[in-house]
Every structure is written in C-alpha cells, then in structure tokens.
Amino acid sequence: MIEDRNVDVAVIGAGAAGLAAAAECADHGLETVVIDREELPGGILRQCIHNGFGLRYFHEELTGPEYADRVVERAAASGVKFQMNTTVSDVRREENGDFTLLLLSEQSGVTRVHARAVVLAMGCRERNRGNLAIPGGRPAGVFTAGCAQKLLNTEGMLPGKCAVIVGSGDIGLIMARRLRWSGVEVKAVVEIMPYASGLTRNVVQCLNDFNIPLYLEHSVVSINGRERVQSVDVAPLHDGIPILEQKFTINCDTVLFSVGLIPENELAARLGVELNPATGGALVDADYQTSVPGVFSGGNVLHVHDLVDFVSEEAARAGRAVIRYLEGATAAERNPVRAGANLKYVVPGYYARGRDTVFAFRPLGVWASAMLEAELDGRVIWKRRCSHVRPAEMLLAELSGQLLNAPGTLEFRLRPEQDEAAVEEA
Amino acid sequence: MMKKKELICISCPRGCHLTAERGEGSTGEWQISGNFCPRGAAYAIQELNDPRRIVTATVASDSRLLPRLPVRTDRPLPKRMIAPLLNRLYRLRVKIPVKSGEVLIDDVEKSGVRVIFSCNCKE
Amino acid sequence: MIYDVAIIGAGVSGASTAWQLSHFDCRTILLERWADVGFGVSKANSGIVHGGFHHPVSTLKAKLEIRGNLMFEKLQYELGFPFQRNGILVVAFSEEQMATVRKLYQQGIANGVRNLEMCGRDRLLELEPKLNPEVVGGFFAPNGGTIEPYRYVFSLVEGAMRNGVELQCNFEVTQGKWNAEESFWRLTAADGREISARRVVNAAGLFADQISHVCGAEEYRIHPRKGEEYLLDRNSSARPRRVIFPVPSRDSKGVLVIPTAEGTTMIGPTADPAEDKLDTTTSADNMHRIVALVRQMVNGISTRDIITSFAGLRPVLESEDFYIARSEKAPHFIQVAGIQSPGLTASPAIGEYVKDLLKEDGMTLTEKNHVVQELPVRHEIRHETPETLDTLHKDDPRWTHVVCRCENISEAEIIEAVRKGHTTLDGVKFYTRGGMGRCQGGFCSAKIMKIISRESGIPMEKLTKKGGNSRLLGGVLGSAEVEPMPEK
C-alpha cells in the first residue's frame, strides 16, 4: 500500500530558498512540508564551511553551516515538517488544480503527497567538463569544484595533491584556498573572461593571499593523462579563440571546474513550467508564480544568485505569495519586463500595477560606475547609480507600486558611466 | 613625499578598493580612503600592521551524520599562526554532541583567538 | 589445473564466445587486461546493431553481421540488456548521394536483408520527423537498432559465469608458451599470474597482434582507428526515433545521429587513424566537425546539450575484414582479430563461429545437462512502477534510496554492481548508469564512492576510476602538511 498524505504546501528542496519559503507558509498556519534528498536540511550551505554568509540577512558574518543551522531552526520553530532522505521522483498537477508528488525514500519507501501549492527550490547543478567538451584524455582527477568541496569538507578526502582550477567562479576561488589549507598545491586558476567571475574579496583572500596565479583570458585546451591527470595545456585567448602557438603546460594531478551553475529544473519541466532561456529558471510573475498556477519558484533554481542572503529574501517573498494564492487572491498581472542594454536578464519577468517589486539583474560587463534605469512605455520612471558593477554581482532594484502605475512594457537597462580602468589610473 | 598602498577590503562582498597613505618614513597612522563603511578603514590598518584572517576548517568526529565537523576561529588569527593551527586541527578527533559556538581550542598560541564549532551535531 | 579454453579479451567477441562455450561441458576462463570486462573497444563505440547492407556478403564481416543481427532478440530475452530495433535510415541530400544510397540498397537486397524500403522525401519525414526537410531520399532498414554495448558484455559474461566460466581481470597476457609434450598453453600475466589451457582464443581487440606475436602465431598489425562520440542530454529536442546514417565514405559509415537504447542521443563517430592504442583523447576540431555534419541531417542539435564526450579505437586489419580462423602457425590457437564495425552486430555470430572452429580444432563439445539459459530479471528503478518500487522497498529499503538523481539509480542497484565485482567508479557507472547523466557525477560520485568502499572494503583513497593508477582521490585530509601562508 502506498501511503497518501495531504498538505497545503510542498516545498521541494531544503536549502536556504526552500526553508525561507516554507517558514513563511508555516508561520501563517499552513501545513508545509519540505522535501529533500539529503539527510540534513541546509542544502549546499552544509559543505560551504567558509565564512562570508549572512551579513545582510543576519547582520553578522557566518559560515555556511551556521547559516544553515539558523534557517533550519527558524523553519522548525515555525512548524515546517521535514521529509529528508527523500527524492521527488514525479510531480503532476491534478484536474482540480492540486498537485501529487511521488516520493521515494529509504525510510518510508514509496509515498504520495498531495499539496495545494508547490514551491520549486531545488537549487543548481554545476556545469562540468563534459558540458564544455574540453578536449584531451579521460583520466581520474577531474572534479567539479562543488564535488571536490563535498569530498573534502564533509568526507575529509583530498581530491589530489596538486591542482589547477578552471574558472574563477566563487566556488573555484573558495576551493583554491581550501585546497591550500588542506595541504594541496594549487598551480593556477584559469579564466576565459578578462575579469574574475567570482567576488573581488574572494580573489584577494583566496588567490592573492597564497600567490596563486590567475590567468585571465586563458583557456584549458587539453587535459592530459590516461589513468590520472598528469597535466593541462593552457592557451591565451584572442577574441575567444585559443592561440595554440602560445600554449603552455602546467603539471598537476587534479583539475577542478568552477564554470558556472545551471538551475536544476527537471521537475519544473515535468510540470510544464515555462522557462526563461536567459536564466535557465522559470519565467515568473511578481508573485514568483510560474506559468503553472500554484507552482512558485525562488532562489538558485529561479536564477543563480551570488549571495545566500538574497536567496533567503527572494524565497521568503515567494512564500508570502503562496499564502496569498491559497487565500484565493487573483494572480498577479502579467505586464512584461525586459532586460535591456548591458543586462543579461531580469527576474521577475512580469510586473503587476501597484505592486512593490524587487527586480534582480545580472550585468553583462565590468564598469566602475553605471546608471541602472527603468523605463515604462518610453518614460524613465526610476534610476540608481551603481558602482563597481560586474557580472559576478547581482544587482537589485526595489520599485514601489506607485511607480508601476501603468500597463505596458517595463524595460531595465544599464548605462555605463565610467570604465573600471579609468578609476584605477586616477 | 607620501607613501601609498592599494588594498581591497574583504570585510564584506562589496570589496571596496582602499587607498592607504602616510608620509614617507612615517610610522604614524595610515590615512585610509575609498572605504564605504568604517570597517574598511579598520581592515586596512589591521592588514598593513598585522594581517589576520578568519580560519575555517573541519575536525574528525565520531558522528555518523557528520564525520567532519566544521570549526572556525571566533575572530581573525595572525596569518603566520594559520598553517600550524590547521595541522593541529587535522590531527584531532572529537566526541559528539557539540553545539555551534562551543569552544574547541581556547587560546591559539596566546593570540587570544578561540577555535569554536560552527555547527550543531547531536548524532 | 588446465582449462579447456582460455579466451584472451572480455570484449564483445570474447564474451560472446564465453557465453556460447558455457553451454557445453568445458572449463573456460576469460582473461581481461583491464579492470573490468568490456573496458577496451567494446565500451566506447556507437552501439549500433547494423542492418547488413554496408558490406558485400563476400566478406566474412558481412556474413557474420547478417547472422548476428538476427540473434539479438533471443539474447536480449535470455540476458536482458538494453536493445531496441528502432530501424536505420540512410539519408541523401543530393542526387549524387542518391546514387550511393541506391547502391547500398541493392547490396542489402543482394545480402538477403529483408524489408528494406527505398523512400522518397515525404516517407522519410514520416518515418523520422526530426530529419532536415531538405532530405532528398534514402532507404529504411527496419532491422537495424541500438544497444548498450557495455551492458551487453556484462550480461554475456554474467551468463557465462553462472554456467561456470571463470574470469580474471587485470590479467594482461605478456607471454604464451605451448607445451608440446603435455599439449597445453601456459599464459603469463604482467603481474606474474599464470594459467594453463588446452586451447587459446585470441580475442584481444586492439592488442590481438601483440598476443599473436607473444604466442608465436601469425604476425600481423592492428591499426587503431579512432572514433569520437558526443553524448547529448536526454532532454535534447534533437533525439530522433531512428538511427540516422549519412551516405558512407571510404573509411567509415559516416557520422550518425543515434537515439541510444537508454533514451539519450549520441552523435559521432569520427574515423581517424591513431598512432597509439591507448589514445582515447578527444579534440575540439572533431567536436565542431561532428556537430556541423549532424546538423545537416537532423534539426535541433545544439552544443549546449552536450553532457559528455569520449573516444574509442577500432581494431583494424590491413584487409579491413575480420580475421577469425585457426592459426596455421600456433597449435590450438584461434585468431579473432580485426573486429571493427560491424563487430558488435556480428558478435553473437562470432561466438558461434569460434565455437565451431574449436570443434574443427578437435575439441569435444558436449552439451551440459543443466544450463542457466536466462539471467534473473534485473530491477532498475527508473523503469519500475510505484507499486513495484513499494514491493522492492519491503524487500530491501535501499531500492527507494535514489543515489544518482539524473539517471534515477538506487543504492540497491549500486550495491548489486559492487557485489557482482564492479568495484571501479567506471565499472559501477557502466553497470548501473549512476553518474552517466547530465551532472556527470557532480552530485553522486562522492556517494557512489562511499557505497563502493563500504561494500567492497576498499578504502576511499584507494578507489580507482578504471583500475591501474587511476586513483580517484589524493588521500585523507591531514595526510598532507599545510604550508605556511606566504608573507606579503
């Protein structure tokens, strides 16, 4: 017999996003269950043992596990039920608008949860060597940075003795320091862009502190070795094309990839949720509701954030929208929002008239200073100067509902005012 | 003639570009500019006089759930003490339960810095 | 102890021979150079069950291809590996190419292949809506299909072992001596192990020439010909129903679009001579070449969908044909060499053919009274209903512990693989698909390593990717001294 269970809200994923959304719902008296594959709630924060979390949300600097413990305690105190060690193997929307989730777990076997609303909070997966089709052999010793982080920080296993890190994303930078602090040599970090993909402070305290060279505008053109990695070939890039005549070899036994994250939206796809190609996440309205009524999304599964604090804030807003949805509020208006010049994307993808909304963006370049503007039907309704703009750092714009007073198309754009180089020369 | 040093603040993700200046040959206080908040100035002066870092690591435990327990220093530790501390931590094995904030090492090499657990672990 | 037969090489040819011989009263041992069976040529190829029209029936490879093609349903029923007869389309995009298509079709008819169908553009698009609508014509071979080649080898070996065939892995034969007095072969491995057998089957793939040489049999050369393949996410919109072939070139059957039997899409292979028999590197140029070629045939193929790539080597003889015969130089020595494409398709027939050669060689083959004809059904949770999963859970709760999220593989499946002797990460991956999906092990490899370590007793730091020196980890945290931070 497969056991059935009814709840108000099913939250998929017990990371920072899922816990924040769930806590809001449970605080309001909704029966809320959070479902996660891992044994402990907290998501990827559990393996992020470094500090630097929580300055915005908790006003103090925490490590990943400390941040996790706090948000778990907060959710538990609100009455959230945890269903850990559990995989959501299928989810579908019933004719009456409710949802059925098929769960698999070692403890309870096969069970079904029926929910009135679903929050997608599954986070991301890492892009890997295969996605980039990096040429060369297929030796052991090639890891994604997050996989190496898990092995090292939760299992206490070293990935190798001497590493090269591909990509300068935050996880890669953090792992460079972690490896050095674990007795593993780090030969280089190789980045295809002309700037680091991670936060500046991480370049300073994870690379500069250890004199680890950062090769900007370089690419790994081959991984060499048959059994275990023996070396990598690195070449400078010109207009994105490797100049193979100038390639050089770095000996190492380990290669870590920190080359970006991809929202894990396989369950969203099963529900028929419309995705935004620019983010890889769902296309949502001002309530973080997806194209499927009753399905909400927040955190890294919606778009990749750089700070967990923003994840918590965003998912809490999604949680509050779930409450309104279950109280029978009409769906938010869907007036399109567009990412204009120098912005990779904007979330949410729609605005509703009269509704206070926080918009999130990724800039496409590096500028010392730039003006972020919002234009509604040919009229600039809002602007703010942003300093030290870079793709690694998400931008936020909080617009009051009073500004969003007309229907039409809202377009955000970034007008560069000062180049980074100009400031450094000054 | 002024002596000038460039730093990037690591106090928060903002990463302010700081400039420290003082008279050539002077041993007086550095004048800091470029900081968004007072922590930037404090960081720069500390970094120029006695660089320190928060250290995070793990120690082996007898827990089933967390065979490695995360720990950290409760404040920045002088850089030269970091490697010896890590080598010491990796030789430890601790018994559970532990609570977040509980002290593992009380005073690292008389620096006044403590190593505390950075997570709760009951089983 | 002297075995009746030693088969060198546990690829498709050796494994199929072992399965055949396991039905008879004879002591057979299978010797594999690598850490697991199928780890040579067999694991890295296109996985096509060919249609019997590419080669003239005058060649041995065509004869065995045609016979082998017919044997897969029975084998699948007995041994349960992923296989589908979803048909092959050979497509032309110009009148010039149509001439080759007509020739191939005629050859197929002459070879006795049934149900071949010449198709115009509309019929092709009906058979395969994903085709580029600029297609001119082609033909349909409904008898073609796809198979998971490593799973096929695992099944053959498992079946053979249930009937008493023995297996030794990491057994790299470096010496073979015929003892004429007592009439047996003495085979020595690189690590010093030795076994004795009355007869030897040389199914050593890329290294068949070396084995033949050290055993004092015929001198010939195996030329490795490399094929790169790129695997697309199972959600790729480009996945066709049929295997799509272009018109072939002189050296190869061309670059294909392959809907694999496990629901992914593969594009490839290239066909380039390689210097080194261990060179399985891929290159950026070939990736771009393959993608450009397949885009002419099928819509929607995107490099963004690539989840991994690999290269395999075909063992090619000068003659381009198979060389399966009793040695004229060495006694009681059967050569099974040059088994390039369509070797996989031919392999069931190769096993049969080798069995007949052994008979010709004077071996008495008496059928066993009790033969395990079918392997027990293997549960894979991705194919089970919730109700079956519920039953499985009651038997062992680890059936409902999902370890690999992308391919939906349970802990029980991983444990089964380890208990069957697959103790490398790649061995478990090929046996279960754990780590084969879109995250390529990013989430699950640490978990799988822990399970392998726990079930096999091998410490984590000694686990390998594929045997030998392919250690997965660098040691335990604390085993390396942390060096002081540099002074500024």
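Residues numbered from 1 in each chain as written. Chains lettered and ligands numbered in written order. Predicted model: local features only at pLDDT ≥ 70, side-chain atom pairs only at ≥ 80, totals over all residues. Heavy atoms only, no water.

**Some points on the overall build of chain C**
For step 1, the next point in the chain: Helices and strands together make up the secondary structure of chain C, namely 13 helices and 23 strands.
For step 2, the next point in the chain: Scaling as 2.2 N^0.38, a compact globule of 488 residues should have a C-alpha radius of gyration of about 23 Å, and chain C matches this with 23 Å.
For step 3, the next point in the chain: Dimensions along the principal axes, computed over C-alpha positions, put chain C at roughly 70 × 60 × 60 Å.
For step 4, the next point in the chain: Counting over 488 residues, chain C shows a buried share of 62%.
For step 5, the next point in the chain: Put simply, chain C shows about 18900 Å² of open surface, and 49% of that area lies on carbon and sulfur atoms. (Helix = DSSP H or I, 4+ residues; strand = E, 2+ residues; numbered from the N terminus. Rg over C-alpha atoms; globule rule 2.2 N^0.38 Å. Buried < 20%, exposed > 50% of the residue type's maximum accessible area, 1.4 Å probe, protein only. Areas by Shrake-Rupley, 256 points an atom, 1.4 Å probe, with all protein chains shown as cover.)

**Section: the packing of helix α1 (residues 12-21) of chain C against helix α9 (residues 343-360) of chain C**
Residues and elements named next belong to chain C.
For step 1, the next point in the chain: Axis separation between α1 and α9 bottoms out at 8 Å; the angle between their running directions is 50 degrees. Taken together, the axes of α1 and α9 are oblique relative to one another. Viewed along their axes, α1 and α9 form a crossing whose handedness is right-handed. Together, V12, S13, S16, T17, Q20 and L21 of α1 and G343, L344, S347, P348, I350, G351, E352, V354, K355 and L358 of α9 make up the contact between the two elements.
For step 2, the next point in the chain: Classifying every residue of the contact of α1 with α9 gives seven nonpolar, seven polar and two charged. (Axes fitted to C-alpha atoms, helices over the stretch in contact; angles between N-to-C directions. Parallel < 35°, antiparallel > 145°, perpendicular 65-115°, else oblique. Left-handed = near helix turned anticlockwise from the far one by under 90°. Contact = heavy atoms within 4.5 Å. Nonpolar A, V, L, I, M, F, W, Y, C, P; charged D, E, K, R; others polar.)

**So, unusual backbone geometry**
For step 1, the next point in the chain: Between A:V347 and A:P348 the backbone carries a cis peptide bond, its omega angle lying at 0 degrees.
For step 2, the next point in the chain: With respect to the helices and strands, A:P348 occurs in the loop between β23 (343-347) and β24 (350-351).
For step 3, the next point in the chain: Even without being glycine, B:E109 reaches a positive phi, approximately 45 degrees.
For step 4, the next point in the chain: Counting through the fold element by element, B:E109 comes out in the loop between β9 (103-105) and β10 (115-117).

**Structural notes on the interface of chain C and chain A**
For step 1, the next point in the chain: Listed as interface residues are 64 residues of chain C and, on the opposing side, 54 residues of chain A.
For step 2, the next point in the chain: Taking both sides of the interface into account, the surface hidden between chain C and chain A amounts to around 4800 Å²; carbon and sulfur atoms contribute 55%.
For step 3, the next point in the chain: On the surface where chain C and chain A come into contact, there are five salt bridges.
For step 4, the next point in the chain: Here A:E266 and C:R438 are joined by a salt bridge, their closest N and O atoms 3.6 Å apart.
For step 5, the next point in the chain: Elements that contribute at least two residues to the side of chain C that touches chain A include exactly α8 (284-297), β18 (306-316), α10 (386-395), α13 (445-456) and β23 (475-476) of chain C.
For step 6, the next point in the chain: No other element matches the six residues that α10(C) contributes to the side of chain C that touches chain A.
For step 7, the next point in the chain: Of the residues that constitute the side of chain C that touches chain A, the class distribution is 27 nonpolar, 21 polar and 16 charged.
For step 8, the next point in the chain: Judged from the two bridges that link them, strand β11 (residues 157-158) of chain A and β23(C) form a sheet pairing that is antiparallel. Bridge pairing links A:M157 to C:V476 in β23(C). (Buried area = accessible area lost by both parts, 1.4 Å probe. Salt bridge = Lys/Arg side-chain N within 4 Å of Asp/Glu carboxyl O. Pairing = 2+ DSSP bridges.)

**Some words on the sheet that holds strand β1 (residues 2-8) of chain B**
Residues and elements named next belong to chain B.
For step 1, the next point in the chain: The three strands are arranged β1-β2-β3 in an open sheet whose pairing can be described as antiparallel. The sheet is open, and its two edges are formed by β1 and β3 (31-33), each paired on a single side. Averaged over all pairs of adjacent strands, the angle between strand axes in this sheet comes to 25 degrees, irrespective of strand direction.
For step 2, the next point in the chain: Against the sheet, helix α1 (residues 38-49) makes contact with β1, β2 (17-23) and β3, and its axis sits at roughly 110 degrees relative to β1, the strand it touches most.

**Topic: the domain arrangement of chain C**
Many authors give the size of an interface as the accessible area that is lost as the parts come together.
Residue and element names in this part refer to chain C.
For step 1, the next point in the chain: Under the domain assignment used here, chain C contains domain 1 (1-83 + 147-221 + 317-377), domain 2 (84-146 + 223-312) and domain 3 (381-462).
For step 2, the next point in the chain: Each side of the interface is counted separately: domain 1 has nine residues, and domain 3 has 10 residues.
For step 3, the next point in the chain: Of the roughly 840 Å² buried between domain 1 and domain 3, counting both surfaces, carbon and sulfur atoms make up 59%.
For step 4, the next point in the chain: At the junction of domain 1 with domain 3, the criterion picks out two salt bridges.
For step 5, the next point in the chain: A salt bridge links K420 to E158; the nearest nitrogen and oxygen atoms lie 2.8 Å apart.
For step 6, the next point in the chain: By residue class, the composition of the side of domain 1 that touches domain 3 is four nonpolar, no polar and five charged. (Domains from an automatic or database assignment.)

**A word on the sheet that holds β23(A)**
Residues and elements named next belong to chain A.
For step 1, the next point in the chain: Pairing within the open sheet is antiparallel, and its three strands lie in the order β23-β25-β28. The strands lining the two open edges of the sheet, one partner per strand, are β23 and β28 (395-399). Here the average twist between neighbouring strands, direction ignored, is 25 degrees.
For step 2, the next point in the chain: Pairing of strand β25 (residues 357-363) with β28 involves five bridges; the strand directions are antiparallel. Residue pairing for β28: T357 is matched across the bridge by L399.

**Topic: the environment of B:R39**
For step 1, the next point in the chain: Its place among the elements puts B:R39 in helix α1.
For step 2, the next point in the chain: Residue classification places B:R39 among the partly exposed residues on the basis of a relative accessible area of 39%.
For step 3, the next point in the chain: A sequence separation of 29 residues divides B:R39 from B:I10, and the C-alpha atoms of the two residues are 9.6 Å apart.
For step 4, the next point in the chain: Not counting residues within four places of it along the chain, the set of residues in contact with B:R39 comprises A:L55, B:S11 and B:C12.

**Focus on the interface of chain B and chain C**
For step 1, the next point in the chain: At the junction of the two partners, chain B supplies eight residues and chain C supplies nine residues.
For step 2, the next point in the chain: When chain B packs against chain C, close to 780 Å² is buried across both sides, 65% of that on carbon and sulfur atoms.
For step 3, the next point in the chain: Among the residues of chain B in contact with chain C, B:K79, B:N87 and B:Y90 are the three that bury the most area, contributing 57% of the side total.
For step 4, the next point in the chain: Counting the contacts that link chain B with chain C gives zero salt bridges.
For step 5, the next point in the chain: Where chain B touches chain C, the interface holds two residue pairs in polar contact (both at pLDDT 80 or more).
For step 6, the next point in the chain: Take the side of chain B that touches chain C: its biggest share by element is four residues, from helix α2 (residues 82-89) of chain B.
For step 7, the next point in the chain: Each residue belonging to the side of chain B that touches chain C can be placed in one class, and the counts come to four nonpolar, two polar and two charged. (Polar contact = N/O pair within 3.5 Å; in protein donor to acceptor, adjacent residues only side chain to side chain.)

**Observations concerning helix α2 (residues 64-78) of chain A**
Residue and element names in this part refer to chain A.
For step 1, the next point in the chain: Taking 1.5 Å as the rise per residue, α2 with 15 residues should run 21 Å; its terminal C-alpha atoms sit 21 Å apart, in good agreement.
For step 2, the next point in the chain: Of all the residues in α2, the buried ones are G64, P65, E66, Y67, A68, D69, V71, V72, A75 and S78.
For step 3, the next point in the chain: G79 occupies a position one or two residues after α2 and carries a positive phi of about 100 degrees. (Expected span 1.5 Å × (residues − 1).)

**Some points on the packing of aromatic side chains**
For step 1, the next point in the chain: This model, assessed by the stated rule, comprises 19 aromatic pairs over all chains.
For step 2, the next point in the chain: Plain terms: the ring middles of A:F359 and A:F412 are 4.9 Å apart, the flat faces sit at 45 degrees to each other, and that makes the pair tilted. Here A:F359, found in strand β25, pairs with A:F412, found in strand β29 (residues 410-418); they are 53 residues apart in sequence, far enough to count as distant. Like A:F359, the residue A:F412 is buried in the burial classification.
For step 3, the next point in the chain: Ring centres 5.5 Å apart and planes at 55 degrees place the aromatic pair C:F154 and C:Y431 in the tilted group. (Phe/Tyr/Trp six-rings, centres within 6.5 Å; stacked < 30°, edge-to-face > 60°.)

**Thoughts on the pairing of strand β16 (residues 231-238) of chain A**
Residues and elements named next belong to chain A.
For step 1, the next point in the chain: The element β16 is largely enclosed, with a buried count of seven among its eight residues.
For step 2, the next point in the chain: In this sheet, β16 lies alongside strand β15 (residues 218-224) in antiparallel orientation, the contact comprising six bridges. Across the sheet, the residue bridging to V220 is V234, located in β16.
For step 3, the next point in the chain: Count of turn residues in the β15/β16 antiparallel hairpin: six residues, of which G225 carries a positive phi of about 135 degrees.
For step 4, the next point in the chain: Direction of pairing for β16 relative to strand β18 (residues 248-251): antiparallel, over a ladder of four bridges. Within β18, the residue paired with V234 across the bridge is F248.
For step 5, the next point in the chain: Direction of pairing for β16 relative to strand β17 (residues 241-242): antiparallel, over a ladder of two bridges.

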